[in-house]
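Understanding the architecture of this molecule
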Amino acid sequence: MAIFNIKKREIECKIVYYGPGRCGKTTNLEYIFKSYKKQVEGEMVSINTEGDRTLFFDFLPMELGKIKGCEIRVQMFTVPGQVQYSSTRKLVLKGVDGIIFVADSMDVRREKNMESLKDLQKNLKEYGLNIFKIPLVLQYNKRDLAEQGIPIMSVEQMERDLNRQLKVPAFPGSAMTGKGVGKTLQECLKLTLKSLHKQFNWAE
Amino acid sequence: MGISLSGDLSYMSLGELVQIFGSNGSTGILRLMNKYNDNLGEVHFFNGNPVNAICDKKQGKDALYMLFGWTEGEFEFNLTNVNEKDYIKKSRMEIMLEGSRMVDDGVIEKVGPVSFKRGDKSTGNALPVISGPLVDYMYVVDEEDYKDGQEIIKQGKHGNWNWVVLDGIVEIRKETPKGPIPILRVGNGSFVGSIAGLLTKNNVRSASVVADGDVQLGVVDSQRLSMEYARLSREFKNIILSLDKRVKQITNKLVEIELMIKTDDSNITKGKEIIIKQGSNKKDAFIVTDGRAFVIRKTDSGYVLLATLEEGDFFGSIPFLNLGQEPDSAHVIAPKGQLVHDVVDCDLLQSEHDKLSATFKNMIENTAIFLSATTTLSCTPKKKKKKGKK
Ligand SMILES: Nc1nc2c(ncn2[C@@H]2O[C@H](COP(=O)(O)OP(=O)(O)O)[C@@H](O)[C@H]2O)c(=O)[nH]1
Ligand SMILES: [Mg+2]
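Residues numbered from 1 in each chain as written. Chains lettered and ligands numbered in written order. Predicted model: local features only at pLDDT ≥ 70, side-chain atom pairs only at ≥ 80, totals over all residues. Heavy atoms only, no water.

**As for the site of ligand 1**
All names here are of chain A. In the vicinity of ligand 1 there are 16 residues, among which R22, K25, T26, T27 and D144 approach most closely. Here an oxygen atom of ligand 1 and a backbone polar atom of M176 are 3.3 Å apart. Relative to its unbound accessible area of 580 Å², ligand 1 is 83% covered by the protein chains. Of the residues belonging to the shell around ligand 1, the class tally is 5 nonpolar, 6 polar and 5 charged. (Near = heavy atom within 4 Å. Polar contact = N/O pair within 3.5 Å; in protein donor to acceptor, adjacent residues only side chain to side chain. Areas by Shrake-Rupley, 256 points an atom, 1.4 Å probe, with all protein chains shown as cover. Nonpolar A, V, L, I, M, F, W, Y, C, P; charged D, E, K, R; others polar.)

In structure tokens:
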């Protein structure tokens, strides 16, 4: 649920990077923070959660333009992956406008990806949100590992595992090298904006 | 200026409020109320940023983080001028994430009915402690002090007195042939004794109670409560008696588990039908008029029998009773085609409940919390030793 701030002439929305632990959420966000520095406002907040860091920063994507003369501000979050952080995860997900689900391409993480996607669906449901309706983009991360001879799943298999029913845009990528990171975010922003237009009942 | 936003913290948490006031750039004072805490909590916002907070004797950032532990209670936000120094310099998003993380990590304690604090001289006991809301002194006729280790109630003796813990912690134990077994610990605001003891003349104590550290207890005005009890409808009394029965059953279950008496609950579902399914959000309640029913919880390691219900016992969801059993956390099953039950008029019970004194209500709530906590304990596989962080 985006917040429309008349005083600041701003629409504030929330994009969350979701996915199993160690799939590359933090790496994605760090890459964006570095390479889109000019569009970032303020500092990156980094909280130490066990085995992981939970990140936040404000992002002002110029290319999205304005809606009715209002600037768009995107709050970018990662969720903490470990089980014990359930209330923090819920807090971050509350009022989410768009989600990037980062899946790990490594063979051994196949189950974890599917579990995490189910978990996402459950959490969204608790907020009365539907995974089939919310702006959602998948990223098949760590494609670069193939070059090192580490077994990874084919894109086709990941599509079957994760995207057979959802049928949302999905991109292979490598958060480490930055490949596909921008593209994934762009697509999510695009979908989110479309949905905001609908929510506020504004024709484009 | 008046109140511009108010509500329930379990519905909208402090973390969410920080986000909302942040997005709106609000200036004003947020007041938090929690019945397990004597004082109000306050957070002062200036242009959407928290600039100061007050929680008991603490101020600033530390106070604000403590308030994240208030996951229950009410809040009220007043738009008003706030012109104090910026005591809190961190960004609001950092505060929100850090506060929530600290609660998840257990660094900040949740202020609610169950906690894990220790008694003054506790022997490293890690049983949970049940606390109750603030005590209404109108119902306290006398105060008594007990020294660490002193026995307050002896199992098997007759007695009808009830106490409320004013300060300190007491341990509830079951005496067994193999020595006493600790069941739970209760702290400030919690009742000691049994609600059913208000009714029966020759109440036999079903457990012992011992001071864990020095404690001060208040003797509850049993006469007044008994009179209140006497005025209740038969249905309401039944609910209370049946609740008390469940507490006794689950306490015995805990003893069996503790003594490693093998009770095989795995075949319990054989030849039975499900009357209420675990996890359903059925809002009705029933009373057994013939036959028997069983309350069982499905856990990762199989079924655990929580209660056996007979004629006169209730099951289902009573609006003011959160048992931690059915419908959300247990099945109710019965031998196929044999259970006869009536629907309970919950509206009637609720209106009767509304008219009870705060102390009586607290006693009922306290019994339900006790039941819910012991149920959780009896369904949690015993840990050999607390493992270190990975
Ligand atoms: N080879 C490779 N490693 C990655 C990639 N993305 C993340 N990693 C590594 O995976 C580990 C976990 O990443 P992190 O971003 O912390 O995962 P998070 O738990 O989802 O936040 C780190 O060691 C990263 O360096 C990638 O695209 N390729
Ligand atoms: Mg991370």
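**A few points about the side chain of E10 of chain A**
All names here are of chain A. Take E10: it is sitting in strand β2 (residues 10–18). E10 sits in the buried class, given a relative accessible area of 9%. There is a polar contact of 2.8 Å between the side chain of E10 and the side chain of R73. If we skip the residues at most four places from it in the chain, E10 touches I3, F4, N5, C70, E71 and R73. (Helix = DSSP H or I, 4+ residues; strand = E, 2+ residues; numbered from the N terminus. Buried < 20%, exposed > 50% of the residue type's maximum accessible area, 1.4 Å probe, protein only. Contact = heavy atoms within 4.5 Å.)

**Some thoughts on the nonpolar core**
L120 of chain A together with L30, I152, L321 and F360 of chain B are the most contacted members of the largest nonpolar core, which totals 130 residues. Sort the elements by how many residues they give to this core and helix α7 (residues 358–379) of chain B lands first, with 9 residues. Not counting residues up to four positions away in its chain, the partners in contact with L321 of chain B are I239, L243, F314, I364 and A368 of chain B. Core analysis: the second largest hydrophobic core is formed by 29 residues, V40, V137, A175 and L189 of chain A among them. (Core = buried A, V, L, I, M, F, W, Y, C linked by side-chain atoms within 4.5 Å.)

**Here's the deal with the packing of aromatic side chains**
Per the stated rule, a full pass over the model turns up 10 aromatic pairs over all chains. On the numbers, 5.9 Å between centres and 85° between planes, the contact of Y36 of chain A with F59 of chain A is edge-to-face. Separated by 23 residues along the polypeptide, Y36 of chain A in the loop between α1 (25–35) and β3 (40–49) and F59 of chain A in strand β4 (residues 52–59) bring together distant segments of the chain. Where F45 of chain B meets F77 of chain B, the ring centres are 6.1 Å apart and the plane angle is 75°; that geometry is what we call edge-to-face. On the criterion of sequence distance, the pair formed by F45 of chain B in strand β3 (residues 41–46) and F77 of chain B in strand β6 (residues 74–79) is long-range, its members being 32 residues apart. Residues F45 of chain B and F77 of chain B agree in their burial class; the two are buried. One aromatic cluster in this structure is built from F21, F45 and F77 of chain B. Cation over ring: K90 of chain A sits above Y127 of chain A, and NZ or CZ is 5.5 Å from the ring centre. Sitting over the ring of Y11 of chain B, K94 of chain A keeps its end group 5.6 Å from the ring centre. (Phe/Tyr/Trp six-rings, centres within 6.5 Å; stacked < 30°, edge-to-face > 60°. Lys NZ or Arg CZ within 6 Å of the ring centre and 35° of its normal.)

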